[in-house]
Every structure is written in structure tokens, then in C-alpha cells.
Amino acid sequence: MNGFLSRLWLAIAMVCVACIFMVPAASAQNAVLLTPLSQSIELVDPSVTVDLEIDFADTTVGGGVEVTYDATRLSFDSFEFKTDPSFLLGGPDPGEVGQPLEIGFGWLIFTPPFGRSGFNTIGTLTFTPVAEGEAFVQTTASLIDPGPFYSLDGASPLSVTFGGATIVVPEPGFATGLAIGGVLLCVMRERWAYQSANMIS
């Protein structure tokens, strides 16, 4: 009986250890990100920037991303690459009005792993706010040109998740309300101080 219990506990322990090692493998993924994930700006601000980044568990030689945004609240200004060393870079022209914005990039590396993995900042998108409200900027897969992300063997596209970012331009009424509230509070404090001084005298 003791031998059976020992083997049972050993089997349970082996399953637990296997699960611990399987969790990181299951959570490992390839992701295209926009950062910061959320930011709030004023309509009078001249521009707002969002970084395009990748965080890949697999090694990739490159691929493409499509970027869409709310044109009723944002106007696209430019995209500037920040990746190195690189080749086959392609991005939207400054002020381009068509959507989606197509961005392609890859790496020419002559030593293993012959590509790029991990966290990399690809470039920066710059927008100008044109109206109040919440604007969403989204990345999606590039299906045709530049195309999906591939590994070195190029046998099949890598599995990639695509993220987005939110840019909030508060309505003027909200900021005005806060300002008016602050002014009224100051006036009430002054009046209270004046009445208190008269009562004491």
C-alpha cells in the first residue's frame, strides 16, 4: 500500500512539474503592439505619437502590418522607422490620407539566428488631433503586400496577434467645467475668510 501511494504521489508531482513547464510555452507568442496603450491629449496639442513594436517568441525575417485609425478624430502626419540594421523598409508617405497604412520591414542578418526575435521598436506613428473624443488606432495582418511575417524557412506564415492603442481628446466642456469649479471654489474660500474676519472683529 505504501509503495502504491509513493508511486501515486510521484506521478502527481511529475504532472505538476510538466504543467509548470508547459505554461510558458503555451503563453509564448508573437505580438505586434502599439504603445502607449492609452493616452489622453488636448485638442490644442500639435501632435501625438504612437510607437509600433513587435515582441516575437519566434525568429522572423520580417513581414508587414496594416494600421487603421479614426480619421474623424485623427489626421496622419508621418511614420519614421527606428529599426536597425534593416532592409526592405516600406512605409506610408507623410500626410497620406488612404487607409490602411501599409508598413513593411525585414532584417538581413548573416549569422544565426538569421532574423530577429524578442522585443523591437519598429518606428513611430505621428498624428494630429482634429476633433474631441476617443480615437482607436489598430494594427492588423498584411495579407498581400508586404505580406505576413515569416520565419527563415518561409514554409508558412507565423501566428501573430495584433494590438491597438486608444487616444483620448477630452471634450472642452469637461476641462471648462473643472476650471469653473476651481474658480468658484476660490471665490467661496475668499468669501468665507472675509465673513469669518468680520465676525471676529
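It should be noted that the structure appears before, not after, this text.
Residues numbered from 1 in each chain as written. Predicted model: local features only at pLDDT ≥ 70, side-chain atom pairs only at ≥ 80, totals over all residues. Heavy atoms only, no water.

Q: Even after reading the chapter, I still don't get the packing of aromatic side chains, so can you show me in this structure?
A: Geometrically, a pair of aromatic rings is defined through the distance of the ring centres and the angle of the planes. Following the criterion strictly, the structure yields six aromatic pairs and no others. Centre to centre, the rings of Phe76 and Phe127 are 5.9 Å apart; their planes meet at 70 degrees, and the pair counts as edge-to-face. Of the two residues, Phe76 is situated in strand S5 (residues 74-81) and Phe127 in strand S8 (residues 116-129); the sequence distance between them amounts to 51 residues. Here the aromatic rings of Phe79 and Phe81 are separated by 4.9 Å at their centres, their planes lie at 85 degrees, and the arrangement is edge-to-face. Given a relative accessible area of 11%, Phe79 falls into the buried group. (Phe/Tyr/Trp six-rings, centres within 6.5 Å; stacked < 30°, edge-to-face > 60°. Helix = DSSP H or I, 4+ residues; strand = E, 2+ residues; numbered from the N terminus. Buried < 20%, exposed > 50% of the residue type's maximum accessible area, 1.4 Å probe, protein only.)

Q: Quick question: what am I supposed to make of the environment of Ser40 here?
A: Note that Ser40 resides in strand S2 (residues 38-40). The contacts of Ser40, once residues within four sequence positions are left out, are Val168 and Pro170. (Contact = heavy atoms within 4.5 Å.)

Q: Looking at this model, I keep getting lost on the pairing of strand S7 (residues 101-106). Mind explaining?
A: Two faces, one strand: in a regular strand the side chains alternate between the faces of the sheet. Here S7 lies mainly inside the structure; five of its six residues are buried. Examined bridge by bridge, strand S6 (residues 87-90) and S7 share two bridges and lie antiparallel to one another. By the bridge assignment for S7, Phe87 is matched with Gly106. (Pairing = 2+ DSSP bridges.)

Q: Could you clarify how one ought to interpret the nonpolar core in this entry?
A: In a soluble, globular protein the nonpolar side chains are often hidden away together inside. Leu52, Phe105 and Leu125 are the most contacted members of the largest nonpolar core, which has 29 residues in total. Where this core is concerned, the elements lending two or more residues are strand S1 (30-35), strand S3 (48-60), strand S4 (62-69), S5, S7, S8, strand S9 (133-141) and strand S11 (164-169). Of the residues forming this core, the biggest block, five residues, is contributed by S3. Among all residues touching Leu52, those that are not within four sequence positions of it are Val32, Leu33, Leu34, Val65, Phe79, Ile103, Phe105, Asn120, Thr121, Ile122, Gly123 and Thr139. (Core = buried A, V, L, I, M, F, W, Y, C linked by side-chain atoms within 4.5 Å.)

Q: Help me understand the sheet that holds S2, please; the structure alone is not making it clear to me.
A: In space, the six strands of this open sheet follow the order S2-S11-S9-S4-S7-S6, with mixed pairing throughout. Each edge of the sheet is formed by a strand with only one pairing partner; in this case those strands are S2 and S6. Here the strands of the sheet are splayed against their neighbours by 20 degrees on average, with no regard to which way each runs. (Axes fitted to C-alpha atoms, helices over the stretch in contact; angles between N-to-C directions.)

Q: Would you mind showing me how to read the side chain of Thr60 here?
A: Tracing the backbone through its elements, the reader meets Thr60 in strand S3. Polar side-chain contacts of Thr60 include one of 2.8 Å to the backbone oxygen of Tyr150. What Thr60 contacts, discounting residues up to four positions off in sequence, is Trp107, Gly115, Arg116, Phe149, Tyr150, Ser151 and Leu158. (Polar contact = N/O pair within 3.5 Å; in protein donor to acceptor, adjacent residues only side chain to side chain.)

Q: How should I be thinking about unusual backbone geometry in this particular structure?
A: In terms of backbone geometry, most residues other than glycine have negative phi values and most peptide bonds are trans. The linkage connecting Thr35 with the following residue, Pro36, adopts the cis geometry, with an omega of 0 degrees. By the element assignment, Pro36 lies in the loop between S1 and S2. Along the chain, Asp145 connects to Pro146 via a cis peptide bond; the corresponding omega equals 15 degrees. Positionally, Pro146 belongs in the loop between S9 and strand S10 (160-162).

Q: I would appreciate a short explanation of the sheet that holds S3 in the present structure.
A: Within a sheet, neighbouring strands are paired by backbone hydrogen bonds and run either parallel or antiparallel to one another. On the basis of which strands lie adjacent, the open sheet formed by five strands has the order S5-S8-S3-S1-S10 and mixed pairing. Each having just a single partner strand, S5 and S10 make up the two edges of the open sheet. With strand direction ignored, the average angle separating the axes of adjacent strands in the sheet is 20 degrees. The pairing of S3 with S8 spans ten bridges and is antiparallel. Residue pairing across strands places Ile54 opposite Asn120, the latter belonging to S8.

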